Every structure is written in structure tokens, then in C-alpha cells.
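Listed below, chain by chain, are the residues.
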Amino acid sequence: MTKPSPLALAPLALFLLFFVGSGLWYQAQGVEFAFYQISAPVAILPAIVLAIMLASGPLNERINTFISGVGDNTIITMVLIYLLAGAFASVAKAVGGVDATVNFGLSVIPPELVLPGLFVITAFVATSMGTSMGTIAAIAPIAVGVADATALSLPLTVATVIGGAMFGDNLSIISDTTIAATRTQGCAMRDKFRLNFKIALPAALLTLVWLWMQSSAAQVEAPGDYELIRVLPYVAVLVLAVMGVNVMLVLFVGILLAGGVGLTLVPDYSVAQWSKDIYAGYTGMQEILILSLLIGGLGLLMKTQGGLAWVSNLIDRISRMGKREPGRRSGELSIAAAVSLTNLCTANNTVAILLAGSLAKDIAERHEVDPRRSASLIDIFSCVVQGLIPYGAQVLLAASIAKLSPLQLIGSIHYCWLLGLVAVAAILVGFPKTRSVQAAEAVA
């Protein structure tokens, strides 16, 4: 057994110091996207050096431990999925799939349902694409135009896009957060999706009701032209993923379908251009890919030195205050708190899941929390925090497009606020129940 040691967490603290500290410094200088001036894969390098220095044993052995973490089966699988997901999103966007999906949705939405419709369109695109940033970049400009044409509140209209994008990013089978959550917790994406959806749906429905009340008098300009066949790759990916087809096969089929649409419908679109779009998708995943590898190595170093065991013991002691035995509710609240605090520090939901994943899995095992449940919770609460922090990439991007202060958007991102409340309520009442919980209650 590794002896718990708070010193083993010093590399993580150093990483956060460089990553968050540089963001605060650039923010004080008035630099746009301040928290992304120093990329996480660079900020983590001093932490890796410190972790290797703190480890015991010969230097080669410490380096081999780091390399073993980098080459972990879960990490490598995650990297391959990142590459395929990036390629699909890039090709589908290049052949006009995003524009077609948005224009189709706007053409069938009544004016009084413009805000709920905007939320649904954004949620569908984000779920299909697996990226909140790409979705916001594609739809936020349209939201600005809708606000101008309908006299709706600009912050509310743009915030609706952020909420829909976070809904899709949270649920999408090909989202990097879903990939990270399911891989770190050891459960199937389909099972996590089903459990996650039961918590996200009530929050989404409440959001739609509120948005309908806000847009009852809106008028919408005529949408652009579209071809339904361009939407086919998104629909196919979503359907195959929900059916439980292997995610790598799902993404590969999506790439083929999107490429086929481009070769058939887009003038001058060639196999060479298709290849370039695929590679552009690869490069778009470069940062999260490199960071995943480095975090895998750093995580194993901290784990072998007792860092995760110390944090786990600390959280367990806090969660068990006043209780004789650990329970499901305290375990789930601890998992939610761990990923939320990590996300506040990193301003990146995927990074937060990667950093808190091992700890969440350990807490889940101690408190008998189903892996599907823990995967859902770390994804949900990272989504909630990421969608509400004014220095997160999603809010900064939307604010930049709309020429608003990020602080003007936070109060109008109703979906994230409601998702957080619904998720806490779900923990307190134990909804939805998994089969393992139902079986345990039956035995009792």
C-alpha cells in the first residue's frame, strides 16, 4: 500500500500555479482570452519535472513510471478517439453540415419559439459534433443576428447558445469530456449517456419553458438555403452511437459519410481536400491529445507517491463527518465537489475530468457508487462549472463574438444553473437508480 502523502500533490499545485497564475496575470494586463495564453501542455512541464524529482528510486525508474502512465491503455484509447472525433467534426463542417443543420432548424421553428428552437438546434449540433467550442463558433453569430432582428435580449440569446452547446458537450458520445469520463471511470459510453440523459433532460425542459416565456413575441428573418443530405452524417453518428456501436467505428463511418457528401455535392471537393480536412481535425485535437498523455504520466507519478490516496482520505473524512459508515450520497457529493473545484482552477472541463478522474473512481469504489453514476456526475458538474465561469473558453468565445462582457452572460446561461440544481437534487434523492443500487435495496 502506498503511504498517503500531501507532498505528492505539490506537482499538481505547481501546474495550477503556472496555468491559473499566468491567466490571472494576463487578465490583469487586459489581454483577451487571458487564461489561454499559456497552454496547459506547456504549463504542466515544470510539474512533471517536480514529480520526477520527488519520486523515490533511480532516475530511470522514475522516468519509466512516467512513461508507463503516458502509455496507459486508457490514455492511448482516448487519444485515438480524439483523433477520429476531430477528423469527423472537421470534415462535416467543411462540407456544409453545420450550416445546413442550422438553416433547416430555423426554417421549421415558429417565431415565438425562436429561443427554445435556438437551444434545441445548438444542443443537437453540439451532441453530434462533440464540441461546445465548435458549436458556439458556428451558431453564436446567428444568435447575434436573431437578437438584432427580434429585439430579444442579446445576452440572453447568446447565453442560450452557450447552454445548448454545454448540453451537447455533456451528452455527446464523441465529446472529449464523455470520452475522458467514461474511460477514467471504466464504463460504457452508452450506459453513461442513458444515466446522464435522465438528469440533463429535466434541466433542459425547464430551460425550454423559461426560454419560451422570454421569446413569445419574437420575429425571425428568413433562414438560408439548406440540403437535408448534408445533415445525414450528424444524424448517422448520433443514431449509431446511441445504438451502442463501437465509438471508433461510429466516428469512422461519420468521416466516410461526410466525405461522401463533400465529394458528391461540394464543387471542386476532392479526395486531396478531404484528406486535408481530416488532418486539420487531427491538428485541432493536438492540445488535448498532448495534455492527456502528459497528465497520464503525471497522474501515475502522483498516485505511486501517495498523493491521490491522501486526497481521497481527506475527502472521505470530510464526507463522513457525523456518519459511522460511508454512503452513496456522501460519495457522490464528494465526487461532484472534487471535479467542480478542479474545474474552477483549470477553466477546462476536460482537464478537470482527467485530473479528478482517478480520485473520483477511488471515491466511487469506497462508497459503492456505480461507475456509470460517477462518470455521469463528473461530466455533469464539470459542464456546470465550465459553462458558468467567466474565464472559461466557451463564455469568452461567445462574449467575443457578441462583443459583450463575459460577466453579462453568466446570469443568462439558465441551462447550466438548472443542470447544477437538478444534479444536486438527483444526488440527494438518489435519482435515477442504477440496477446495482436497486439490487442492493432489494437484498436489504
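Here, every reference points to the structure presented above.
What this report covers is the structure whose coordinates are included nearby. This structure is a prediction, so every number in the text was calculated from the model and none was measured.

## Quick look at the overall build of the protein chain
- The secondary structure content of the protein chain amounts to 23 helices and 0 strands.
- Going through the 444 residues of the protein chain one by one, you find that 54% of them count as buried.
- In the form shown here, the protein chain has an accessible surface area of approximately 18900 Å², with 65% of it arising from carbon and sulfur atoms.

## Things to note about the packing of aromatic side chains
- One pass over the full model with this rule turns up 6 aromatic pairs.
- Taken together, a centroid distance of 5.6 Å and an interplanar angle of 55 degrees make the contact between Phe119 and Tyr415 tilted. Note that Phe119 is positioned in helix α7 (residues 114–129) and Tyr415 in helix α22 (residues 414–429), a separation of 296 residues in sequence. Taken individually, Phe119 and Tyr415 each receive the classification buried, so the pair is uniform in this respect.
- Note on Tyr279 and Tyr282: the rings are 6.3 Å apart at their centroids and 70 degrees apart in plane angle, and the pair reads as edge-to-face. With Tyr279 and Tyr282 both in helix α14 (residues 271–284) and 3 residues apart, the pair spans about one turn of that helix.
- Through pairs of rings, three or more aromatic residues link up here, namely Phe119, Phe167 and Tyr415.

## Focus: the nonpolar core
- Counting residues in each nonpolar core, the largest one holds 121 residues, and the members touching the most others are Phe15, Ile44, Tyr415 and Leu419.
- Per-element accounting of this core gives the leading share, 10 residues, to helix α18 (residues 349–366).
- The residues contacting Ile44, other than those within four sequence positions of it, are Phe15, Leu291, Leu294, Ile295 and Leu298.

## Here's the deal with the packing of helix α9 (residues 154–171) against helix α10 (residues 176–185)
- α10 packs onto α9 with a crossing angle of 35 degrees between their chain directions and a minimal axis gap of 6 Å. Across the interface between the two elements, Asp169, Asn170 and Leu171 from α9 touch Asp176, Thr177 and Thr178 from α10.
- Grouping the amino acids of the contact of α9 with α10 by side-chain chemistry returns 1 nonpolar, 3 polar and 2 charged.

## A few points about unusual backbone geometry
- One non-glycine residue with positive phi stands out, namely Asp268, at about 65 degrees.
- If you trace the backbone, Asp268 turns up in the loop between α13 (247–265) and α14.
- Positive phi, normally seen in glycine, also occurs at Glu368, with a value near 55 degrees.
- Along the chain, the position of Glu368 falls in the loop between α18 and α19 (371–386).

What counts and how
Every chain's residues receive numbers from 1 upward, in the order its sequence appears when written. Per-residue local features of the predicted model are confined to residues with pLDDT of at least 70, and side-chain atom pairs are confined, for both listing and counting, to 80 or more; whole-chain, interface and lining totals are unaffected and use all residues. The basis for the side-chain values is all heavy atoms of the structure; hydrogens and waters are excluded. Helix numbering and strand numbering both begin at the N terminus, where a helix is a DSSP run of H or I of at least 4 residues and a strand a DSSP run of E of at least 2. A simple rule labels every residue: compare its accessible area, found with a 1.4 Å probe on the protein chains alone, to the largest value its type can have, and call it buried under 20%, exposed over 50%, or partly exposed in between. Method for areas: the Shrake-Rupley scheme with a 1.4 Å probe, in which residue coverage is limited to the protein chains shown. Here is the rule: rings of Phe, Tyr and Trp (six-membered ring for Trp) pair when centre to centre is within 6.5 Å. Planes less than 30 degrees apart are stacked, more than 60 are edge-to-face, and the remainder are tilted. Throughout, nonpolar core names a set of buried Ala, Val, Leu, Ile, Met, Phe, Trp, Tyr and Cys residues whose side chains join them through atoms within 4.5 Å. Only heavy atoms enter the contact rule, under which two residues are in contact if any of them lie within 4.5 Å. Throughout, an axis means a line fitted to C-alpha atoms (over the contacting stretch in the case of helices), and angles, computed between N-to-C directions, take values from 0 to 180 degrees. Residues were grouped as follows: Ala, Val, Leu, Ile, Met, Phe, Trp, Tyr, Cys and Pro as nonpolar; Asp, Glu, Lys and Arg as charged; and all remaining residues, including Gly, as polar.

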